[in-house]
Structures are given as structure tokens and as C-alpha cells.
Amino acid sequence: MNDTKLLINLEEKGLTALNQKKYQEAAKFFERITQISPDYEHGMAFYDLACALEELGEIKRAQKAYERALFYVPDDHIRIGGYASFMYLHGDPHKAFEAYLGLLKIYNNHNDNDGISNCHQALYSLGKKMGWSSDKVLQAMTLS
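**Student:** Looking at this model, I keep getting lost on the side chain of D48. Mind explaining?
**Tutor:** Mapped onto the secondary structure, D48 falls in helix α3 (residues 44-55). No salt bridge is formed by the buried D48; its nearest oppositely charged neighbour, R79, is found at 8.2 Å. Each residue touching D48, except ones within four places of it in the same chain, is listed here: L15, L18 and F30.

**Student:** Can you walk me through unusual backbone geometry in this structure?
**Tutor:** If a residue is not glycine, its phi is most likely negative; likewise, a peptide bond is most likely trans. A positive phi angle is found at E41, which is not glycine, with a value near 50°. On the secondary structure map, E41 appears in the loop between α2 (23-36) and α3. Taking relative accessible area as the criterion, E41 reaches 45% and is therefore assigned partly exposed. Phi at H42 is positive, roughly 60°, even though this residue is not glycine. Within the secondary structure, H42 is located in the loop between α2 and α3.

Basis of the calculations
Residues numbered from 1 in each chain as written. Predicted model: local features only at pLDDT ≥ 70, side-chain atom pairs only at ≥ 80, totals over all residues. Heavy atoms only, no water. Helix = DSSP H or I, 4+ residues; strand = E, 2+ residues; numbered from the N terminus. Buried < 20%, exposed > 50% of the residue type's maximum accessible area, 1.4 Å probe, protein only. Lys, Arg positive; Asp, Glu negative; His and termini not counted. Salt bridge = Lys/Arg side-chain N within 4 Å of Asp/Glu carboxyl O. Contact = heavy atoms within 4.5 Å.

Just distances and angles here, no functional claims.
Below is the structure:
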């Protein structure tokens, strides 16, 4: 089996396992993809790996995988959104805030009102966690 067919096969198995909530199995398939061809599908296997690792509670490894996924496509709303949500739940609120600002910029560029609204809600919530006033959060959103 050539590398392309192998990678497609591993990806299909990984996505199936992920959808069936077999996170350990999914993580193994995605990790194998990242070892064979880290840039396969523009590094999307890192994102899928991060999702599986997050479900397994492997927070530090998941964060590294999210960051690797963003390395390949830093302006992908799926990856940034996943990372922002992950950081909101498990990480540094300042990093989460920055990620949500990046996501807000993408949603503003695409006139995605639902996305914009969701980002505003997350940003105000994070601002509150950080002890910021609503005005300071609004200023940060305006400057980004």
C-alpha cells in the first residue's frame, strides 16, 4: 500500500473511532498519520489528534497537537475555534482570549453574525475571568 492510500485508510479509521468515541484508538491512528506525514491534509491529523487527546484528558499533549495543527493553517476557523475553546476550558485565559480575537477577525471578514456573537460572548466571559472591565474587552475587540 502506498503512503497516500495508507494515510487515507488511517484517517478513515481514525475518524470512525473518533465518531464512535473510541478516543484512545482514534489517537493512535492520528498519531501514526502525524509520524508518517505531518503535513498530510495540511496538518489536519494534528487537530483530530488534539480532539481525541482532549477527550482522554491528556491536556498538555492535546494543547501541543492543537498548536501544531494551527502551524499548518493558522487562519482556519475550525482549528482556531477548537483551540480557543480548548484554552477556554483547560488553559490560560489570556491565550484563549487571543485565540478568540483571531477567530473574531475571521468571522468579521466573512460577515458570520452567529460566529461574531459567539466570539463576543466568549471574549466577555474571558475578560471577566481576567478581571477586565467590559470597556477593556470592547477596546481589545475594536483594536484587533
